[in-house]
Amino acid sequence: EVYFKNLSKQKQKEVMEKNGNNHKLRVCVATCNRADYSKLAPIMFGIKAEPQFFELDVVVLGSHLIDDYGNTYRMIEQDDFDIHTRLHTIVRGEDEAAMVESVGLALVKLPDVLNRLKPDIMIVHGDRFDALALATSAALMNIRILHIEGGEVSGTIDDSIRHAITKLAHYHVCCTRSAEQHLIAMCEDHDRILLAGCPSYDKLLSAKNKDYMSIIHMWLGEDVKTRDYIVALQHPVTTDIKHSIKMFELTLDALISFNKRTLVLFPNVDAGDKEMVRVMRKKGIEHHPNFRAVKHVPFEQFIQLVAHAGCMIGNSSCGVREVGAFGTPVINLGTRQTGRETGENVLHVRDADTQDKILHALQLQFGKQYPCSKIYGDGNAVPRILKFLKSIDLKEPLQKKFCFPPVKDNISQDIDHILETQSALAVDLGGTNLRVAIVSMKGEIVKKYTQLNPKTYEDRLELILKMCVEAASEAVNANCRILGVGISTGGRVNPREGIVLHSTKLIQEWSSVDLRTPISDALHLPVWVDNDGNCAALAERKFGHGKGIENFVTLITGTGGSGYIIVQ
């Protein structure tokens, strides 16, 4: 352990020397809303605590600056951070166009800020439309980007935005092993990916506020006990606004029927949020004796509220991520978090189309206590992230590289390829028959020829060549372009060399036969050779009953019989 610590210190020293002995890493952290600040704040505190290594600039934009959402920039000031710039970027509206206009407004305003700050690196969190504007601006202005929480899978437009930011970002901090694998699968450089865990877990797992009852009483009333209230947090689904508003209406009806004290938080700034607020007011939630409707709760207090709640309900990522650290029961409604990794405390109601379904879920979950889950972090994310930041070499080329997997050479497209059906010649040597067919790329047989399989090697090879030449000529008339030849034959085969090593007694004079060379020479096409059972099993996997199935067995009966196993 001491050795690796010393090695790490030495590497950091070398990086400092490369970057210039007195150069501090200038880090710009841009926060757009209350949710992303809860993830970014622990990192900001860590950066601020090491002034010998870092200079911190804070940019605030988005819903932080809107009164309807609690003017949450004030909590950043209360945390004693100097806000360098405030950017009003939200265009008020109730449809998707307002989000697009907000992105455009941010893109107009950000270049001037970034020109003045000239950060070495910008830290961007998550999957919000505001974050996309930040990443786009930084990338186009040649500023390195560190993206927090890339590689995760959820639902709606958030997935597309998150993955778009991943492609723009130079460095990645992910929270789970699956997210790390997704980033690698997206061709990101493994050396620039850090599996750190979620920064908010550093605060969650160290939260030991013994005076949590005063927080509960402040937000829900003096008569409320622990595990006897509900926290509700639901956002519009921007890809299906109408349905998400209907679902919110059903949720409120179910909560009214369930008759427990409930803290309802206002939704995010998204297309459809105003309509959701109208639904709340239409049902009198703000004046109902069982409900407390609030625009914002400080994160430290919110932690205590969900930690001691009887249940949390809605479609917020907080429910499937952070709340698992306390084992609090969660009801996740709809598709907004589809694909997220969750602990056993989460009950999904994906098709929340009736009040009874939601009410039944409340009856099942309320008051339970589940084991604490640490899927998203172990409480040590920030030290890892700071160490990762110190290791960044500013003299490395800014242009990011993608680690693409090896791919086969593509056949270039020309007008003939587009107009013709791309096909292959299929040759099947059985114990009784010799078959040749023209087969399209979709596995459809365009034309088939069948002859009895000759008994001698010379006659057999001569007939194969004759049938292949005839089929290739016929392919021209059928408007098919032959790209290659595939031969399936009984017996043991060396597919790399295209040689039949040994056959059963069913096919005589069929040992140590080079099939590839004479056919390739005659047709001037690439030729593949394999055992007929292998070919049949792989064909089922590609075109037949095995399509989409990882593990299955294929049984083949003909002149002989055999079985083949496909595993993964």
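Keep in mind the model is a prediction, meaning the values are calculated, not measured.

Asker: Please set out the domain arrangement of the protein residue by residue, giving values where relevant.
Answerer: The accessible area lost on association of the parts is a frequent measure of interface size. For the protein, the domain assignment lists domain 1 (22-198 + 378-391), domain 2 (207-365) and domain 3 (424-530). Using C-alpha coordinates to define each centre, domain 1 is positioned 26 Å away from domain 2. If you look at the interface, domain 1 gives 35 residues, while domain 2 gives 29 residues. Summed over both partners, the interface of domain 1 with domain 2 comes to about 2,600 Å²; 45% of that surface belongs to carbon and sulfur atoms. One can count eight salt bridges joining domain 1 with domain 2. For the interface between domain 1 and domain 2, the tally reads 11 residue pairs in polar contact (both at pLDDT 80 or more). Among the elements of the structure, α2 (34-48), α4 (96-117), α6 (156-168) and α7 (177-185) are those that each provide at least two residues to the side of domain 1 that touches domain 2. When the residues that make up the side of domain 1 that touches domain 2 are grouped by side-chain class, the tally is 11 nonpolar, 10 polar and 14 charged.

Asker: Can you lay out the pattern of salt bridges for me, pointing to particular residues and giving the numbers?
Answerer: When charged atoms on two side chains of opposite charge get close, those side chains can pair. Scanning all chains against the criterion turns up 34 salt bridges. Of the charged contacts in the structure, one is a salt bridge between R340 and E152, with a shortest N-O distance of 2.3 Å. Here R340, found in the loop between β12 (330-333) and β13 (346-349), pairs with E152, found in the loop between β5 (144-148) and α6; they are 188 residues apart in sequence, far enough to count as distant. Overall, the relative accessible area of 4% leaves E152 in the buried class. Among the ionic contacts, a cluster of salt bridges with common partners joins K39, D127, E149, E152, D159, R162, R321, E322 and R340.

Asker: I'd like a description of the packing of aromatic side chains, backed by residues and values.
Answerer: All told, the structure shown has six aromatic pairs when counted by the stated rule. Ring geometry for F53 against F54: centres 6.3 Å apart, planes inclined by 55°, an arrangement best described as tilted. Residues Y457 and W510 carry aromatic rings whose centres are separated by 6.4 Å and whose planes lie at 50° to one another, so their mutual orientation is tilted. Highlighted residues: Y457 in helix α17 (residues 457-477) and W510 in the loop between β19 (499-502) and β20 (513-514), separated in sequence by 53 residues. Under the relative-accessibility criterion, W510 is labelled buried at 1%. When the ring centre of F81 is taken as reference, the NZ or CZ atom of K48 above it lies at 5.2 Å. The positively charged end of K390 is found above the aromatic ring belonging to F53, 4.3 Å away from the centroid.

Rules behind the numbers
- Residues numbered from 1 in each chain as written.
- Predicted model: local features only at pLDDT ≥ 70, side-chain atom pairs only at ≥ 80, totals over all residues.
- Heavy atoms only, no water.
- Domains from an automatic or database assignment.
- Contact = heavy atoms within 4.5 Å.
- Buried area = accessible area lost by both parts, 1.4 Å probe.
- Salt bridge = Lys/Arg side-chain N within 4 Å of Asp/Glu carboxyl O.
- Polar contact = N/O pair within 3.5 Å; in protein donor to acceptor, adjacent residues only side chain to side chain.
- Helix = DSSP H or I, 4+ residues; strand = E, 2+ residues; numbered from the N terminus.
- Nonpolar A, V, L, I, M, F, W, Y, C, P; charged D, E, K, R; others polar.
- Buried < 20%, exposed > 50% of the residue type's maximum accessible area, 1.4 Å probe, protein only.
- Phe/Tyr/Trp six-rings, centres within 6.5 Å; stacked < 30°, edge-to-face > 60°.
- Lys NZ or Arg CZ within 6 Å of the ring centre and 35° of its normal.

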